[in-house]
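Observations on the model geometry
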Amino acid sequence: MTKGHVLVTGGAGFIGSHLVDYLLGRGFEVTVLDCLLDQVHGDAEKDAQGWPVYLNKKAKRIKGNILDDGVFEASLTGITHLAHLAASVGVGQSMTNIVEYTRNNTMAAAVILEVLSRMPLDADGNHPIKRMVVASSMSIYGEGEYEIEGTGDSTAPELRSHEQLAERSWELFTGDGAKLIPIPTTEKKLLQPASIYAVNKRDHEEMFLSVGRALNIPTSALRLFNAYGSRQALSNPYTGVAAIFISRLLNDQPPMVFEDGEQKRDFVHVMDVANAFATILESDKRVWDVFNVGSGKSITVNDIARTLARLLQKNIAPDILQKYRVGDIRHCFADISKIRDVFGVTPQRDFEEGMAELIEWVKTAKKPVDKTAVSMAELSSSKLMV
Ligand SMILES: NC(=O)c1ccc[n+]([C@@H]2O[C@H](COP(=O)([O-])OP(=O)(O)OC[C@H]3O[C@@H](n4cnc5c(N)ncnc54)[C@H](O)[C@@H]3O)[C@@H](O)[C@H]2O)c1
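Residues numbered from 1 in each chain as written. Predicted model: local features only at pLDDT ≥ 70, side-chain atom pairs only at ≥ 80, totals over all residues. Heavy atoms only, no water.

Of the positions making up helix α10 (residues 301-311), those classed as buried are Val301, Asn302, Ile304, Ala305, Thr307, Leu308 and Ala309. Taken from the residues just after α10, glutamine 313 is the one with a positive phi, measuring 55°. (Buried < 20%, exposed > 50% of the residue type's maximum accessible area, 1.4 Å probe, protein only. Helix = DSSP H or I, 4+ residues; strand = E, 2+ residues; numbered from the N terminus.)

Have a look at this one:
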């Protein structure tokens with residue numbers, strides 16, 4: 001007897017494929033629905049049907065696009081749980097491909113929820129889907145949470161102005177000139193999405209929570225911080241910074257760092273992300289809520305570049321550009337106490353060990369094509385990088 005049958009949308013992707021492994025390992029049946037976007041899977045090693053070779057053979061596979069008529073509905077046979085991870089994931093790219101992003105992230109959520117809202121209930125009046133967990137993102141916060149120096153008061157500042165950034169003044173201050181000190185960001189922080197991707201993710205999170213409540217399906221939206229690990233698309237210039245830096249270093253090029261490189265982020269291992277999804281899918285708690293999924297620790301972008309160079313044994317310092325991207329935030333790292341208190345989820349992976357593991361995987365992966373120059377040229381010509 002299985003624990004249930006999970007449909008993982010985006011299950012051939014970076015996080016989704018690890019989640020598939022976790023769920024199968026915990027006794028769930030799994031079906032993957034994925035359209036195998038070329039930008040994500042173009043360079044990956046594939047089987048004869050076009051699926052990435054790392055995808056677990058025990059999972060049932062459906063190649064299809066959620067946006068295509070009838071595809072999502074047809075994937076639901078026997079499904080008891082939904083993990084929705086399919087998305088277009090490039091923050092910078094979302095600012096120029098606005099229609100495509102909004103269609104794939106927000107409209108796809110609408111398609112899923114409309115199908116669920118029309119499904120017949122069982123004899124006891126219950127929805128056939130027992131639980132949903134969806135991938136949201138830390139990007140919906142905009143700037144992280146800060147404390148006004150010397151006061152102990154927390155604050156949710158707006159993005160830095162163009163004028164401030166043009167002066168290459170990177171840190172944040174109050175209107176009175178008091179310095180703001182970054183502190184762990186809680187789920188209560190005001191949402192101030194600063195990109196189309198982030199607006200899409202906020203909307204999709206709220207859509208799932210509202211329809212989940214109406215249909216009485218316990219629903220959690222996981223606000224993922226920066227996930228890293230094996231199977232990350234190395235040649236996709238629009239995704240994770242760790243993968244982009246490794247791809248640069250392997251090509252003997254310095255990682256390119258925006259601003260002064262001292263911006264703080266939260267890097268969480270993909271296994272810890274998969275564990276958070278799987279634990280909540282397995283839980284019987286009737287919860288409709290949002291949860292941060294991070295490591296709970298902060299690290300600067302310079303430190304990531306230096307750690308990766310050291311682990312790759314390359315004597316290459318980061319190229320500190322002193323340029324900025326419109327909409328970039330300065331600091332954001334997670335307060336992870338809520339998911340720990342409600343579901344008992346805590347990260348297990350150490351950053352250095354995780355990065356060393358990522359590098360080992362990269363060495364066995366196909367040699368990545370460094371597309372950083374192309375994406376930089378695109379950003380520059382669209383006036384999104386100054
Ligand atoms: N990677 C991170 O650090 C991070 C951080 C915050 C949030 N997230 C979220 O986590 C989720 C997974 O991210 P990832 O890094 O694994 O991305 P990914 O690009 O590796 O995987 C996404 C998968 O979804 C598939 N897909 C996209 N649109 C689809 C559609 N319309 N129909 C069917 N399949 C479709 C793609 O082919 C791909 O396999 C996304 O929702 C993303 O927004 C990721």
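Read across the open sheet, the 3 strands follow the order β7-β6-β8; overall the sheet is antiparallel. Taken across any chain shown, the strands that pair with only one partner, and hence form the sheet edges, are β7 (154-155) and β8 (180-183). Here 2 bridges tie strand β6 (residues 145-148) to β7, and the two strands are oriented antiparallel to one another. The residue bridging tyrosine 146 from the neighbouring strand is threonine 155, located in β7. (Pairing = 2+ DSSP bridges.)

The next subject is the sheet that holds strand β5 (residues 131-137). With respect to topology, 7 strands assemble into an open sheet ordered β3-β2-β1-β4-β5-β9-β14, the strand pairing being parallel. With one partner strand each, in any of the chains shown, β3 (60-63) and β14 (288-293) form the two edges of the open sheet. The sheet shows a mean angle of 20° between the axes of neighbouring strands, direction not considered. Where helix α9 (residues 270-282) meets the sheet, it contacts β1 (5-9), β4 (81-84), β5, β9 (219-224) and β14, and its direction lies at approximately 150° from that of β5. (Axes fitted to C-alpha atoms, helices over the stretch in contact; angles between N-to-C directions. Contact = heavy atoms within 4.5 Å.)

The next point concerns the site of the ligand. Around the ligand there are 28 residues in total, and Asp34, His41, Asn104, Tyr197 and Lys201 lie nearest to it. With respect to the ligand, the backbone of leucine 37 contributes an N or O atom lying 2.9 Å from an oxygen atom. Summarising the interface, the protein chains cover 93% of the accessible area of the ligand, which totals 830 Å² for the free molecule. Of all the secondary structure elements, the ones that give two or more residues to the shell around the ligand are α1 (14-25), α2 (38-41), β5, α7 (196-214) and β10 (226-228). Counting residues per element, the shell around the ligand draws most heavily on β5, which supplies 3 residues. Here the residues of the shell around the ligand sort into 17 nonpolar, 9 polar and 2 charged. (Near = heavy atom within 4 Å. Polar contact = N/O pair within 3.5 Å; in protein donor to acceptor, adjacent residues only side chain to side chain. Areas by Shrake-Rupley, 256 points an atom, 1.4 Å probe, with all protein chains shown as cover. Nonpolar A, V, L, I, M, F, W, Y, C, P; charged D, E, K, R; others polar.)

Scope: geometric values only; no functional claims are made or implied.
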